[in-house]
Amino acid sequence: MSLHQMAISPPFLLSSRSAYTLNPLLFAKHRRFCFPLSQSRFSSIKRRSFAVVASENGVFTSPELAKSFDFTSEERIYNWWQSQGYFRPKFDRGSDPFVISMPPPNVTGSLHMGHAMFVTLEDIMVRYHRMRGRPTLWLPGTDHAGIATQLVVERMLASEGIKRAELGRDEFAKRVWEWKEKYGGTITNQIKRLGASCDWTRERFTLDEQLSRAVVEAFVKLHEKGLIYQGSYMVNWSPKLQTAVSDLEVEYSEEPGALYYIKYRVAGGSRSDFLTIATTRPETLFGDVAIAVHPQDERYSKYVGQMAIVPMTYGRHVPIISDKFVDKDFGTGVLKISPGHDHNDYLLARKLGLPILNVMNKDGTLNEVAGLYCGLDRFEARKKLWCELEETDLAVKKEPYTLRVPRSQRGGEVIEPLVSKQWFVTMEPLAEKALRAVEKGELTIMPERFEKIYNHWLSNIKDWCISRQLWWGHRIPVWYIVGKDCEEEYIVARSAEEALIKACDKYGKEIEIYQDPDVLDTWFSSALWPFSTLGWPDVSAEDFKRFYPTTMLETGHDILFFWVARMVMMGIEFTGTVPFSYVYLHGLIRDSEGRKMSKTLGNVIDPLDTIKEFGTDALRFTLALGTAGQDLNLSTERLTANKAFTNKLWNAGKFVLQNLPDRDNVSGWQTIQAYKFDMEESLLRLPLSECWVVSKLHLLIDAVTESYNKFFFGEVGRETYDFIWGDFADWYIEASKARLYHSGDDSVALVAQAVLLYVFESILKLLHPFMPFVTEELWQALPNRKEALIISSWPQTSLPRNTTLVKRFENLQALTRAIRNARAEYSVEPAKRISASIVASEEVIQYISEEKEVLALLSRLDLDNIHFTDSPPGDAKQSVHLVASEGLEAYLPLADMVDISAEVQRLSKRLSKMQTEYEGLKARLKSPKFIEKAPEDIVRGVQQKAAEAEEKINLTKNRLDFLKSTVLVSQ
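Since the model is a prediction, treat every value here as computed from it, not as a measurement.

1. Quick look at empty space enclosed by the protein
Thought 1: For the structure on display, the rule yields three cavities of 30 Å³ or more.
Thought 2: Space inside the largest cavity adds up to approximately 70 Å³.
Thought 3: In this structure, the largest cavity is lined by 13 residues; those nearest its centre are Met117, Leu121, His586, Gly626 and Thr627.
Thought 4: Where the lining of the largest cavity is concerned, the elements lending two or more residues are helix 2 (113-131), strand 23 (580-586) and helix 18 (616-624).

Next comes the structure, spelled out in C-alpha cells:
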C-alpha cells in the first residue's frame, strides 16, 4: 500500500463532533538538501503522513500538498470556524468576559480600508483574549444610516421614474426595507471575508425592534428629566436632502471663490457717507439686521449709533453698532450681521438681542423677504444681485478669494446655515459626568493625548440637534393635538396608544393626535449601541447582566466626539456606568505618499482586491503594524513583503512537517512528547542551539504577551516577525539540519524534532490573532491536534530561559556572520568548503567546539579541517584574520578561499579602473566653472562620490598588499 492510499487512525482527527472533516495531509516528494543523507540512518526523513481522515468536504490542506498558502481556502476555514461555534462566548474556562461592540458600518456601505483597519484590530483583541481563556463576545451589527440609505433608495426610485413624495411615507419605508433585505448584507459578508470572529448569532441592526424600543425609552427618559427641548436654532441645512445634518456630515473644502465689496449708505448722510463691507455671500444681505464695527476702529467711530441702508431692499434701515467680535483687519473692518444665515452672526445676534431674519426657503431658493429675488436659487440670486449692484453704483469691487466651503458628505451640495425648528438635547449636565469618568480613571483613552481633545470638546460642548427631516429612521416619539400650538402642546410617549391615552386625559376624549414627522439623528441610536444591543432597557436581560459594561471600544479617532463621547454620556446617564473601560483610537489609512485616499486622486485601494492578490493575512498584518492614533501609509511594497512573510511561515511549516518522525514511530513520539520545556533543568540539558531558540521563544512570549495586554499591536507584530524570520527560520531551522542529517545519533535528532515542533506550535499561537488563516491551516497539518488553534490555550508566560547560553549562541552567530562575510568579500564559491582555525579561551572553545557541526553547516566549513586553539596558527600571516567578538577570533587560510595570483590580477585591474574614475571626479571638483555654475546639490553629490571612491581605492590597495605579502610569505 502506498502512502497516498494509507488511512489515518482516529487519534489524528481534530474532533469527533466536527461538522467538517479534513483533507489528507500527505507528503509528496521529499525535499532536496545540500548535503547527502544517510539512507540507513534516520531514514524516517523520507516521507511521513500526518493527515486526518477526510471526506470530499475537506477544509484544510497540508504544506506538503501546496507550494504556498492558497488564499481561496480562507472562506472554507472561516465557515468551518463559524459552524463549530468558536465565535460564541464560552464560560467553561473563565468568567471575566472580554466584550467589544463593533462600530456598526452603514447598511449601505461597501468595504473600504477603514473597515479593514477596525476589523483587523478588533479581531486581534478578540482572538487573543479567547486564547487566554476569557469568554469573548464581539457583537456585530449595522447602522440604518438615515441619510445615506434614503438617498440610495431615492436614486433607485428615480431610475424607475418615481419620486418619494408620490409614494407617500409608508410605501417609501416599505421600499427601503425591501432594499435593506436585498442588499443590506453586503457589508456583513465583506467583513466576514476579513476573518472577523464575531458572534453573528447576536448580529444587530439599529432599526431592530429591540433597539428601536431602546431609542424611544432614551428619548422619553431624557425628556422627563428636562434634557430634551424643541426650539428654533441655527443648524446645518441640506437644501437637496431637505434636512438638518450633523457636524460630522459636513465636510469643508477649500475652493476658489470671490470676496464682494458693497456700499452701505449711511441714512441721512451725504453721498460720501457710506460703509463698505466685504462678503463672500452677497445674497444674504436681505437678512442683514445690523452693521458692526470694532469699538476702537477710528475710521468708523463717527457712524456708530446711526442707521445704514441695506442695498436693494427699498431703503430698509439697520443700526450701526460696535462690538469687539469684529475683526478690524479683515476686509474693510465692517461686518454685516445676517444671523439667519451665519453661525457666528447668529451667536452675536443672540448675545446682543438682535432679531433673526431668514431669507431662504428650505430648498435653497430665496423667500419673499428678498423681494424681487424671491424664488431664485441662492447662486442665481448672487449673480443677478451683483450685476444690479454694479448698475446702481453700490458695487465697489470683486476680487478672487479662497473659500472654506461646507459641503454635504452625502450629496456634495453646499450646506446652508439656517435657523430651523428642531429637537435638541441639553448636553452640559451629561458632559460633566463623562468628564469625571476619565478624571477618575473609569475610562482610559488610547493614545493618551486624545484625552485632552476629549476633555476640551466636552468642556465646550453645545446642545445637540437630534431631529432630521427624513422618512427613514426612528420616528420622534412626540405627538401633537390637532388644532393646538405644536410648540406649546405636545405629548411624549412610548407608543401611539400611550400618547392617545395621555392626550385624552389632558384634553378630553374628542381629540385627534398626529406624530411628529421628523426622525432622530442616526447618531442618537448609535449612542446607545453598547447597551441597547445587549437588551437595555431590560436590565434583567441575560446578555445585559453578563456582558455590560463592555470592555473595549475601538474606532477611528475622527469620531471621538460624534460617537465615542456620546456613548459615554448616554451609558452613564441610562445605566449608571461607563459603557466600556477602554477606548482604542486608530488613525486613517493613507496611500504610500501619505495622501488621503479619494476617488478624485485615483489612489483608493480596495480591500477585496488586495485580499485576492496578497491574502487576508498579509493585509491584516500590514494594517496592524501601525501605531495607535497615527495615520498609516499603505503601499504595495509593504503588502508584498508581508505576503512573503506568509510564504516564509508556510515553508517553515513544511520543513517542520518533513522532519518529524514517522507516525508509527511510537518510541520516537513518546520521546518527543516527554520533553518538558517549562522546567529549567530540562532546558539546561538541551544542546546550545536548542537552548538558545527555546530561551529566545520564552523571552518572546513574555514580551509579546505584555504588548498584547498594553494594546501595542505594532510591537507584537514586529517582535514576532523578527523572531520567526530571523531567529527561527534563518538560524534555528538551518542549525537543526546538523542534528537531523549529520549527527549520526537518532537521540540528537529527536531533540531537534521536539524543539522544532514546540517552537513552531508556539509561533502559530502568538501569530494567530494577526494572521488567523495561514496559522490555522498550518496548525491543523501538525500531528495530534486535539483542538482548533482559534480556541487553543495561549502559551504560558515566565517560562525558563538561560541568558548565559543565549549569549554563547550569539557568539556562535557572530563567528558565523564573520566567516560568511569573509567568504562573500573574497567571492568564495557557495559550495566550496574551507578550513578554519578558531582561536579563543578554553571556556569558549569548549561550547563552540560542541557546536562544530552547526558551525560547519552554517559557515560552509570543512568539518574535518576546523581547528580549535588558544593561540594564532602557524599560517596566520597567510590567512584572513576575523574578530567575531571579544575573545573569539578565526583564521581562514587564504589559499583555501581564492587563487591568490588570479585574485591579484583581478584586483589590480579593478584598482586601475577605480583610480581613473576617481581622477575624473577630482578633476570636476577642481574646475572653477563647475563649482560656480553647478547647483549645490550636484556639487555635493560629486564630492560624496569622490569620497566613496577614495575609500574603495584604499580598501582595494590594502587587500592587494595583503595578497602580495601572502605570496611572498608562501615563497
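2. Structural notes on the sheet that holds strand 14 (residues 416-425)
Backbone hydrogen bonds hold the strands of a sheet together, and the pairing may be parallel or antiparallel.
Thought 1: The four strands lie next to each other as 6-5-14-16, forming an open sheet whose pairing is antiparallel. Pairing within the sheet leaves two strands with one partner each, and these edge strands are strand 6 (243-245) and strand 16 (464-465).
Thought 2: Relative to strand 16, strand 14 runs antiparallel, the two being bridged by two bridges. Bridged to Phe424 within strand 16 is Cys465.
Thought 3: Lying on the sheet, helix 8 (residues 343-352) is in contact with strand 5 (228-238) and strand 14; it crosses strand 5 at an angle near 145°.

3. What about the pattern of salt bridges?
Thought 1: Taken as a whole and judged by the stated rule, the model has 42 salt bridges.
Thought 2: For Arg595, the salt bridge identified is with Glu593, shortest N-O distance 3.8 Å.
Thought 3: Under the relative-accessibility criterion, Arg595 is labelled partly exposed at 33%.
Thought 4: A salt bridge links Lys648 to Asp730; its shortest N-O distance comes to 3.1 Å. Placement of the pair is Lys648 in helix 19 (residues 636-658) and Asp730 in helix 23 (residues 713-742), with a sequence separation of 82 residues.

4. Observations regarding the layout of surface pockets
Thought 1: Size it by volume and the second largest pocket reaches roughly 850 Å³.
Thought 2: Contributing to the lining of the second largest pocket are 26 residues, with Tyr758, Glu761, Lys765, Trp779 and Arg785 lying nearest its centre.
Thought 3: Here the element with the most residues in the lining of the second largest pocket is helix 24 (residues 746-767); it accounts for six residues.
Thought 4: Considered class by class, the residues forming the lining of the second largest pocket number 13 nonpolar, six polar and seven charged.

5. Some remarks on the environment of Met102
Thought 1: Inspection of the secondary structure assignment puts Met102 in the loop between strand 1 (98-101) and helix 2.
Thought 2: The spatial distance from the C-alpha of Met102 to the C-alpha of Ser420 is 34 Å, given a sequence separation of 318 residues.

6. Some points on the packing of aromatic side chains
Thought 1: One pass over the full model with this rule turns up 49 aromatic pairs.
Thought 2: Ring plane angle 90° and centroid distance 5.3 Å describe the contact between Phe531 and Trp536, whose orientation is recorded as edge-to-face.
Thought 3: Here the aromatic residues Tyr128, Tyr582, Tyr584, Phe621, Phe645, Tyr708, Phe711, Phe713, Tyr721, Trp725, Phe770 and Trp794 are joined through ring pairs into a cluster of three or more.
Thought 4: Positioned over the ring face of Trp200 is Lys192, at 5.1 Å from the centre of the ring.
Thought 5: Lys397 extends its terminal NZ or CZ atom over the ring of Tyr261, reaching a point 4.6 Å from the ring centre.

Scoring rules and cut-offs
- Counting from 1, residues in each chain are numbered in the order their sequence is written.
- Thresholds applied to this predicted model are a pLDDT of at least 70 for local features of residues and 80 or more for the giving and counting of side-chain atom pairs; totals over whole chains, interfaces and linings are not thresholded and use all residues.
- Water and hydrogen atoms were dropped before computing side-chain values, which therefore reflect all heavy atoms in the structure.
- Residues are said to line a cavity or pocket when one of their atoms sits within 4 Å of a point; the points come from a 1 Å grid over protein atoms alone, cavities being sets where a 1.4 Å probe fits but cannot get out and pockets being open sets with protein on both sides within 12 Å along at least five of seven lines.
- Grid points are joined across faces, edges and corners, and a volume is the space filled by probe spheres set on the points.
- Working definition: helices are DSSP H or I runs of at least four residues, strands are E runs of at least two. Numbering for both runs from the N terminus.
- A strand pair is defined by DSSP finding two or more bridges across the two strands.
- Pairs of residues are marked as contacts when any of their non-hydrogen atoms sit within 4.5 Å.
- Between N-to-C directions, angles span 0 to 180 degrees; the directions come from axes that are lines fitted to C-alpha atoms, helices contributing only their stretch in contact.
- Definition used for salt bridges: Asp or Glu carboxyl oxygen within 4 Å of a side-chain nitrogen of Lys or Arg.
- Buried, partly exposed and exposed residues are distinguished by accessible area as a fraction of the type maximum, computed with a 1.4 Å probe on protein chains only: under 20%, between the cut-offs, and over 50%, respectively.
- Classification used: nonpolar for Ala, Val, Leu, Ile, Met, Phe, Trp, Tyr, Cys and Pro, charged for Asp, Glu, Lys and Arg, polar for all others including Gly.
- Aromatic pairing here means that ring centres of Phe, Tyr or Trp (its six-membered ring) are within 6.5 Å. Orientation follows from the plane angle: under 30 degrees is stacked, over 60 is edge-to-face, and everything else is tilted.
- Charge-over-ring placement is defined geometrically: NZ (Lys) or CZ (Arg) within 6 Å of the ring centre, and within 35 degrees of the ring normal.

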